[in-house]
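Listed here are the chains, written in short residue letters.
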Protein chains: 2
Amino acid sequence: MKVKPRTLSGFMELLPEDQMKMERMMQILRDTYSLFAFYPLDTPVIEASDVLLAKGGGETEKQIYRFQKGDSDLSLRFDLTVPLAKYVAAHYGDLAFPFRRYQIGKVYRGERAQRGRFREFYQADIDVIGDGSLDIINEAEIPAIIYTAFTRLGLRRFQIKVNNRKLLNGFYAMNGMSEKASDIMRIVDKMDKIGEVKVKQMLIDELQMRPYKAENVLDFMAIRGSNAEIIERLESFRGMDATFDQGLDELRIVTGHLAAFGVPEENFAVDLRIARGLDYYTGTVYETELPDYPEIGSVCSGGRYDNLAEYYIDRPLPGVGISIGLTRLFYVLQEQKLLSDELPTAPCDVLVIPMTKELGPAVTAATAFRSAGIRCQIYAENRKFKAKMSYADRIGVPFAVLLGEDELAKGLLSLKNMETGEQLLLTAEEAAGIISEAVQKKNSAAPIRG
Amino acid sequence: MKVKPRTLSGFMELLPEDQMKMERMMQILRDTYSLFAFYPLDTPVIEASDVLLAKGGGETEKQIYRFQKGDSDLSLRFDLTVPLAKYVAAHYGDLAFPFRRYQIGKVYRGERAQRGRFREFYQADIDVIGDGSLDIINEAEIPAIIYTAFTRLGLRRFQIKVNNRKLLNGFYAMNGMSEKASDIMRIVDKMDKIGEVKVKQMLIDELQMRPYKAENVLDFMAIRGSNAEIIERLESFRGMDATFDQGLDELRIVTGHLAAFGVPEENFAVDLRIARGLDYYTGTVYETELPDYPEIGSVCSGGRYDNLAEYYIDRPLPGVGISIGLTRLFYVLQEQKLLSDELPTAPCDVLVIPMTKELGPAVTAATAFRSAGIRCQIYAENRKFKAKMSYADRIGVPFAVLLGEDELAKGLLSLKNMETGEQLLLTAEEAAGIISEAVQKKNSAAPIRG
């Protein structure tokens, strides 16, 4: 009796060609995060339940993978932020602050199985953690990191949307709406879906707001324009609330350094509707959208917070961080056919095919190619010539090297360009040169269509 | 009430500097495996228990992390081989064979907590899977992969030990010991620990072997010499058992291609005592030892097998693979002080320190460095100069850039070499050139001491 080889639903398992694309995306994120001076970090997938759930409650707790092993109550991590908080608190004395780390790892949430929803998925996070304080420049730098990452991934049309929670909190305070702030944001968040008229009605009906106050909120949220224009409009509120004024100062700094950080204005927008939940973030907040695919939502989000690890230590540890939901991003890119076909997905750059019983020359050629940094595979299976060439086609290798009687007699090899069909009789060195050049060109392709 | 921020025992969690070294090791393995034409692969950490335990039984079953989630009986993978078998069986129609994949991932075994034993650990595996058959050249290539990987990691003194299970099975058959083969191998495996005399006594006492037969076994295991000498000795057994003869032919091919694969003889040895468990492997088997640290045991092992996925599909899928227990390897390298100090472990190559309130020039300099591929961090925290320099020292950054009144007035920057203390007034471009050159040199260091 055979067991049916199946993969759990909600768990992504890619075919090799797709995995190559995913791997390339991860490598670009690792490289970009490193460029911006983040340490790589790795923490266990399993933690003690009381540690992981120190904050407790909420939607996540129901979804958590929690189980007993021996005497231990264990849980799988459901994000990378709680493990970071634990890490920083546990190793506080061994870290230099600001502490900058990236982590790309799997997290687990037992969500209802649904197309495009994953129970195991990668998050790719960065955070900068200060000890007691953290300079605003760290918030200003985040758009540059997002911009560099997505540009390197191959995206051209994306927009980093930024807001500041102090602006929102200050605005609600100056309008005497602080208590209703969280309900207002929940309703305003529906703007894109239901439109301004219905949002206004909900504010009036559900929150018993006076119509002119609801309009105030909607007018504020509707402020648009260039960074300079928006800031000018916001300046008209200055002096009414200290928190608002501080938020405005921060927004000035964040937008003020954009050019020096190399972020074009077309990839950036202040958007006063961005809120990102109520209780955690306290300063700049970020979302990243693809204007051509609004239904995808934000592909990279985060913000500034005041207290990373309050459940573990007394020390205030403010920070700023962003997270990319990599598995979901990959899924939607695949769905929208936005993964580039130009990126090579063959496991090798050249397939060396011996045509005689003598394998020595094939091994020698393969070793020479590898020494030159060329990814090389020897195909010596006992198959007919046609089957060998069809394997080469199937894996999509750009070059094949054929070693028959003729080549062996001359001490040369035949290099076949699998795309053009062109075949040349060359030395291994000459072949390596041609392959290297072609491969370098191919590898400059980004995983996402521009 | 604070929760104590602790990490479960048996779970490795590294400090940032050590994580950098681990990360570098992983990157070298990814690059090496890619060079030898293996696809990257990623499979879920969680599988259905009936799928993961299709083979059933054994020591691992007791150690497994198994739990219920809703109606599902789930388990965490305890190796990367079973998930590969499932993957190949499930996606059989979508794969081209031979199918070559590497996977570097965490696996879970609830072993007794013990120093140097891990419950969550990385394995770094490669396997080549054939469809119905698989050419011997794939077995011959494995030592080249091991050699390249460990050389790139920085190791010089290591030895790839090779044997062939057909030789052993054939030898036992020609001596009428086939039934006792597994017990003999279990006892012979203790040779290094208890010595030849005691092994012989155990063979006689426990297995009721006649003394001359026990001696036959010990004489065979003791065959030593160069590859050519060992093969010559083995040739004297030719003609007595077909399986033995086939194993000898295979060993001839494996050793015969070593030079063309670029593996020096000093890093290789045929060792007839290598067996690697009884029921799974059927051809060449591999272990890799560090002669200066015999207590570490094998750091890279594997072999040829006939049937990867027999519990899932009828199709015979022979393969050959090796596995590096990366977490344990890292642990013992650390214990033995074999991790190199030369490898840079700072999160950045240069720390840009603004000395005035004006942050613009620091941002511009940082952006220029990053465009030149230099890992750069801006340190703008409101601290005294001494604290800033002590941060630079603490993270071990090789260069600092200082931007004071003087530098700003001249439109230049001061580049401070943190090792020599030398400080130069330069343009950003000049500084980038100096940093790049130094960093390139530093990054050529390997993570392991030679």
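Quick caveat: nothing in here was measured; it's all calculated off a predicted structure.

Colleague: What is the right way to look at helix H4 (residues 81–90) of chain A in this model?
Modeller: Given 3.6 residues to a turn, an α-helix orients residues that are three or four positions apart in the same direction. Burial of H4 of chain A is extensive: eight of the ten residues sit out of reach of the surface. Every buried residue of H4 of chain A is accounted for by Val82, Pro83, Leu84, Ala85, Lys86, Tyr87, Val88 and Ala89 of chain A. Contacts from the buried residues of H4 of chain A go to strand S2 (46–48), helix H2 (49–52), strand S5 (99–108) and strand S6 (120–129) of chain A together with helix H1 (16–35) of chain B.

Colleague: Hey, could you run me through the relation of the copies chain A and chain B in this one?
Modeller: The relation between the two copies of this chain is a rotation about an axis and a shift parallel to it. Taken as rigid bodies, chain A and chain B are interconverted by a rotation of 180° and an axial shift of 0.0 Å, the fit giving an RMSD of 0.1 Å. Both copies are brought into coincidence by an operation consistent with a two-fold rotation axis. In terms of proximity to the rotation axis, the leading residue of chain A is Phe67 of chain A, whose C-alpha is 3.1 Å off the axis. Of the residues that chain A buries at the interface, 100% are likewise interface residues in chain B, meaning the two copies contact each other through the same surface.

Colleague: Is there a simple way to explain the interface of chain A and chain B in this structure?
Modeller: Reports of interface size often rely on the accessible area that becomes lost once the parts have come together. Taken residue by residue, the interface counts 103 residues in chain A and 103 residues in chain B. Both faces combined, the contact of chain A with chain B buries some 8,600 Å², and carbon together with sulfur accounts for 58% of it. Where chain A meets chain B, there are ten salt bridges. In terms of residue count, the dominant contributor to the side of chain A that touches chain B is helix H1 (residues 16–35) of chain A (nine residues). Grouping the amino acids of the side of chain A that touches chain B by side-chain chemistry returns 57 nonpolar, 19 polar and 27 charged.

Colleague: Mind showing me how you'd approach the packing of H1 of chain A against helix H13 (residues 326–335) of chain A here?
Modeller: Residues and elements named next belong to chain A. At a minimum axis separation of 11 Å, H1 and H13 run at an interaxial angle of 130°. Between H1 and H13, the interaxial angle falls into the category oblique. Relative to H13, H1 is oriented so that their crossing is right-handed. Every residue of H13 that contacts H1 at Asp18, Lys21, Met22, Met25, Met26 and Leu29 is listed here: Leu326, Thr327, Leu329, Phe330, Leu333 and Gln334.

Rules behind the numbers
Residues numbered from 1 in each chain as written. Chains lettered and ligands numbered in written order. Predicted model: local features only at pLDDT ≥ 70, side-chain atom pairs only at ≥ 80, totals over all residues. Heavy atoms only, no water. Buried < 20%, exposed > 50% of the residue type's maximum accessible area, 1.4 Å probe, protein only. Helix = DSSP H or I, 4+ residues; strand = E, 2+ residues; numbered from the N terminus. Contact = heavy atoms within 4.5 Å. Least-squares fit on C-alpha atoms with pLDDT ≥ 70 in both. Buried area = accessible area lost by both parts, 1.4 Å probe. Salt bridge = Lys/Arg side-chain N within 4 Å of Asp/Glu carboxyl O. Nonpolar A, V, L, I, M, F, W, Y, C, P; charged D, E, K, R; others polar. Axes fitted to C-alpha atoms, helices over the stretch in contact; angles between N-to-C directions. Parallel < 35°, antiparallel > 145°, perpendicular 65-115°, else oblique. Left-handed = near helix turned anticlockwise from the far one by under 90°.

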